[in-house]
Amino acid sequence: MTYVAQPASVGMIMGKVLLALGLGIAAYVIYFGPAILVSLTLASLAALACEALVLRLRGYVIAPFLKDGSALVTAWLLALSMPPLAPWWLVVAGTAFAIVVAKHLYGGLGNNLFNPAMAGYVLLLVSFPSHMTQWPAAEMLAHAHLSLLDAAIYIFTGHLPAGVTLDAITMATPLDMLKTQLKLGHTVNEVTRAPLYGYLGGRGSEVIAAAWLVGGLILLKQRVITWHVPVAMLAALFAAALWFHVYDPDRYVAPWFHLATGGAMLGAFFIATDPVTGPTTPMGKLIFGAAIGLLVYLIRTFGGYPDGVAFAVLIMNMAVPLIDLYTQPRVIGHDSKKSDRS
Amino acid sequence: MRRLYGFPGGVHPPEHKTESSGRPIAPAPLPARLVVPLLQHIGNPAKPVVQPGQKVLKGELIGKADGYISVSVHAPTSGTVRAVEPHPVPHPSGLPALCVVIEADGEERWVEKTPIDYLHLDPSEVRNRLRDMGLAGLGGAVFPTYVKLNPIPERSVPTLVLNGCECEPWITCDDRLMQERAPSIVAGARIMRHLLDAREVIVAIEDNKAEAIAAMREACRDTDFEVVVVPTLYPSGSGKQLIQLLTGREVPSGGRSTDVGVQVFNVGTAHALDRAVNHGEPLISRIVTVTGNVRRPQNFEAPLGMPLAELVTLAGTPREDTTGYIMGGPMMGFDLNSDQVPVVKAMNCVIARSERLFPPLPLPLPCIRCTRCAQVCPVRLQPQDLYWFARAKNFGKAQEHNLFDCIECGCCAYVCPSHIPLVDYYRFAKSEIWAREREKKAADRARERHEFRLQRLEREKKERAEKLAQKAVASKDTAAMPNPDAQAKRAAIQAAIERARAKQAGIEPRNVSQLPPDKLKEIQEIEARRAKLREAMQKQPGDTP
């Protein structure tokens, strides 16, 4: 038996993920106001409460599982995917679905087939589309600013401060606007000249994407994740976008725009890399990541939703057992030509 | 410079080598009583050849090799055999095994030492002598050395590797041996090379043993042996991994190192070979690292059979918070269930445990498929899948995913953030599969026996019927004629009976190979009485029909 162990634990891994998310959250607060902090806190409390409740119902020891941090990671990823000004019950409902149904009804930590945060997000997106598309405008574009307290009051009661209208603080997202304007016959070049757009992606949101990228590189350096999924996903997204962009630059936006907007970076480094719901073999991770990248592009460009990360991840989650089965690496001492399953 | 190829995975746990590597090897004082197990190697236990009360000399044979995979066992000192009986031995099962208990007389009188003239003797004769001198691998697996020195004629072994890697934490017995007795190791390697007819000899040492590297380089100066420094990475000391590291060749699954033309021996084995061949000394002692929660960690040259309790006190009285002893290293070793077990050929290291040095691992959490285990697996298995199959008792699937390629190095368990004792699951699955295989074989045999019996009954019935028919015809044809055939037949029957009787007399009773000598003696006496009785019966021909 093995008497020694590396000083690593599930809790430490999840803690590193939360820390690496911190950078992007800071950028979020700077560019879109402090409302995100309210929904992050709300989702965290809801997740911990649900986790404790279900563990108790299942007759598990609660403390070591609560301390593993996995519920918090789910809560944060869900909150970061949602519009920060979404009403409190939406956040709670999404978190509860993620923890209770997507995680524990599948067997709890390590057993779930679908990424819980994305399952919760998609449930909300298809059930409450109007609430889920109310995104705040970046601070420099908004006509009014909400303080932390104002945001909390709005999230819990739905009341805005006197003189502030919803239109003054919300705005279409860069991806959404691009989609609708292209349908109206505008060219990419005309659309992206709007103040909503920055150098690469949306104003403000491109900085947040950069922060997710840095956080992801930290996770790579810390060996929390491997390079396979993020590189494959971003490369596939880039390649697909490049192909169409070269074909018709007026109708298909540049590949770097795709990397710098929406959930691409967050998805590549923090969501698609979820070990529980992803493949385990190196080759499988490459296939999984590339397929997600491709699906994201297809959904964004031809689908009914402005962004496609959540759907792409969930769809590919279903394929994981099959991917693992057919990508088993050659075991040392075995013939490379002969398949082990034959 | 030799090009190194590397192997996948591997880990680098804290080394803990300096605790015991600084002090020279000390000879252990002779204990008053030695308990020498008859099974200290892989294979069949040796057959006891001594009886209680018998005097033995140092190096005298006390157990004879039994079968192809077996080696002999010798008295570690001169004295009197007190008993041949089961005793606790160092084994994970904790089951007692047959041992020869010797009371030392303190005189250390040797049997006559007869060195082996390996350059002039027939190689097979040399190998038989090595078997009779008790040589087994001292790296921990204790495989009979003479078997490994027997290359199959059609498969040559061009490369001989001396393994001085010692990659497990805490253990330093090979390190010290190389520092202090490098010339003897080289002398042993010469013998190995001669018997294997190897073209090249590589001494592989991990780069954390600078003094050992220097000493071995010095000892190899007048030879064409090559000392190769390999990076410190666990489990580079494992045979297959070392071969891959040095040659880039993979030992085929289920195959042996000779399949890729390499034979690997531990440096301690080479030293023991030198003592046996050039000095005529059978394997009766070994270097043991005593370390961990002891006051003066050190390596000792201990006689086989020395009680563990006496060995560990050589490193100072055990600290109060000692909770037990690990045999081997912390990656692959196991708990000794008693401090009364003896030193054996496989005991390279004893680590005193304490909660401070080896804190209990936290409660295992579920596997999150993080694949850290797969990243460090030197065989490139998918440990997280094997764990899943073993847990679900889906043994067929586990086998399909190459469970039996697992070398149980423990890298996966070492890095698991959920602290799952992965290797324990693989051992469980392997033993279950073995047990099922045995059951299946037994059932197959029983079925075959049953079918054979039915066939035999059928055949006998048919034969009887035929015979009856023939007899009926014969009696009709030759009613009153004297039959010369019948007489010949009768004589043949008589001869057959005689043959059967002679054969019976020659059959040895079974199930006696593992009995202590006093029992054997008793059986022999009974046999003698029986023989006498038989003789007496034959002297009275009138009684026999």
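Counting from 1, residues in each chain are numbered in the order their sequence is written. All chains are assigned letters beginning at A, and all ligands numbers beginning at 1, according to the order in which they are written. The predicted origin of the model limits local features to residues at a pLDDT of at least 70 and limits the giving and counting of side-chain atom pairs to 80 or more, whereas totals for whole chains, interfaces and linings rest on all residues. Each side-chain value is worked out from all heavy atoms of the structure, with water and hydrogens disregarded.

Engineer: Can you explain the UniProt feature "binding site: [4Fe-4S] cluster 1" (unreviewed entry) in chain B? Please cite residues and give values.
Structural biologist: UniProt positions are given in the numbering used here, feature names are shortened, and annotations may be inferred rather than shown by experiment. According to UniProt, the feature "binding site: [4Fe-4S] cluster 1" (unreviewed entry) maps to Cys367(B), Cys370(B), Cys373(B) and Cys416(B) in the numbering used here. A maximum C-alpha distance of 10.6 Å places the annotated residues, which cover 50 residues in sequence, within one compact spot. By the criteria applied, helices consist of DSSP H or I runs no shorter than four residues and strands consist of E runs no shorter than two, each listed in order from the N terminus. In this structure, Cys367(B) sits in the loop between β17 (349–353) and α9 (372–376). By definition in these notes, contact holds between two residues if any of their heavy atoms fall within 4.5 Å. Leave out the neighbours within four places in its chain, and Cys367(B) touches Gly110(A), Gln384(B), Tyr387(B), Ser418(B) and Ile420(B). Along the polypeptide, Cys416(B) turns up in the loop between α12 (411–415) and α13 (422–477).

Engineer: Any chance you could break down the interface of chain A and chain B for me, citing the residues and the numbers?
Structural biologist: Every contact between the two is made by 37 residues of chain A and, on the other side, 47 residues of chain B. By buried area we mean the combined loss of accessible area, with a 1.4 Å probe, across both parts when two parts are placed together. In this assembly, chain A packs against chain B so that about 3,600 Å² is buried in total across both faces, 56% of it on carbon and sulfur atoms. It is Met1(A), Tyr3(A) and Ile332(A) that lose the most area in chain A upon contact with chain B, and together they represent 22% of the buried surface on that side. Just to be clear on terms, a salt bridge is a Lys or Arg side-chain nitrogen sitting within 4 Å of an Asp or Glu carboxyl oxygen. With a shortest N-O distance of 3.3 Å, Arg369(B) and Asp324(A) are connected by a salt bridge. For the purposes of these results, a polar contact is taken to be a pair of N or O atoms within 3.5 Å, where, inside protein, one atom must be able to donate a hydrogen and its partner to accept one; residues adjacent in sequence count only when each atom of the pair is a side-chain atom. Counting the contacts that link chain A with chain B gives 20 residue pairs in polar contact (both at pLDDT 80 or more). Looking at the side of chain A that touches chain B, the elements that each hand over two or more residues are α1 (10–32), α3 (62–66) and α17 (309–326) of chain A. A per-element tally of the side of chain A that touches chain B places α1(A) first, with three residues.

Engineer: Kindly report on the sheet that holds strand β15 (residues 324–327) of chain B, identifying the contributing residues and their values.
Structural biologist: Residue and element names in this part refer to chain B. Only strands joined by at least two bridges in the DSSP assignment are considered to pair. Across the sheet, which stays open at both edges, the six strands sit in the order β1-β14-β13-β17-β15-β16 with mixed pairing between neighbours. Strands with a single pairing partner mark the edges of an open sheet, and in this sheet they are β1 (26–27) and β16 (334–336). Taken together, the four bridges between β15 and β17 define a ladder with antiparallel strand orientation. Residue pairing for β17: tyrosine 325 is matched across the bridge by alanine 352.

Engineer: Describe the domain arrangement of chain B, naming the residues involved and giving the relevant values.
Structural biologist: All names here are of chain B. Note that the domain bounds were set by an automatic or database domain assignment. The domain boundaries assigned to chain B delineate domain 1 (18–354), domain 2 (372–430) and domain 3 (495–537). The centre of domain 1, based on its C-alpha atoms, is set 40 Å off from the matching centre of domain 3. Of the roughly 640 Å² buried between domain 1 and domain 3, counting both surfaces, carbon and sulfur atoms make up 63%. Contact with domain 3 buries area across many residues of domain 1, yet Pro48, Gln51 and Leu98 alone supply 50% of it, more than any other trio.

Engineer: Could you give an account of the environment of Ile13(A), naming the residues involved and the relevant values?
Structural biologist: Here Ile13(A) is to be found in helix α1. Considered as a pair, Ile13(A) and Ala102(A) are 89 residues apart in the sequence and their alpha carbons are 21 Å apart. Beyond its immediate stretch of four places on either side in the chain, Ile13(A) contacts Val224(A), Arg372(B) and Pro417(B).

Engineer: I'd like a rundown of the packing of aromatic side chains, residues and numbers included.
Structural biologist: What characterises a pair of aromatic rings is the spacing of the ring centres plus the angle enclosed by the ring planes. Residue and element names in this part refer to chain A. Stacked, tilted and edge-to-face pairs are distinguished by plane angle, under 30 degrees for stacked and over 60 for edge-to-face with tilted covering the rest, among Phe, Tyr and Trp rings (Trp via its six-membered ring) whose centres lie within 6.5 Å. The full count for this structure, using the stated rule, is 19 aromatic pairs over all chains. Seen in terms of ring centroids, tryptophan 89 and phenylalanine 128 are 5.2 Å apart; in terms of plane orientation they differ by 75 degrees. Their pairing is edge-to-face. Within this pair, whereas tryptophan 89 is found in helix α5 (residues 88–103), its partner phenylalanine 128 is found in the loop between α6 (116–127) and α7 (129–132), the two being separated by 39 residues in sequence. Each residue gets one of three labels from its accessible area relative to the maximum for its type: buried under 20%, exposed over 50%, partly exposed in between, using a 1.4 Å probe on protein chains only. According to the relative accessible area criterion, tryptophan 89 is partly exposed, its value standing at 33%.

Engineer: Kindly report on the UniProt feature "modified residue: FMN phosphoryl threonine" (unreviewed entry) in chain A, identifying the contributing residues and their values.
Structural biologist: All names here are of chain A. The UniProt entry lists Thr173 under the feature "modified residue: FMN phosphoryl threonine" (unreviewed entry), expressed in the numbering used here. Inspection of the secondary structure assignment puts threonine 173 in the loop between α9 (166–169) and α10 (174–183). Leave out the neighbours within four places in its chain, and threonine 173 touches Trp135 and Leu196.

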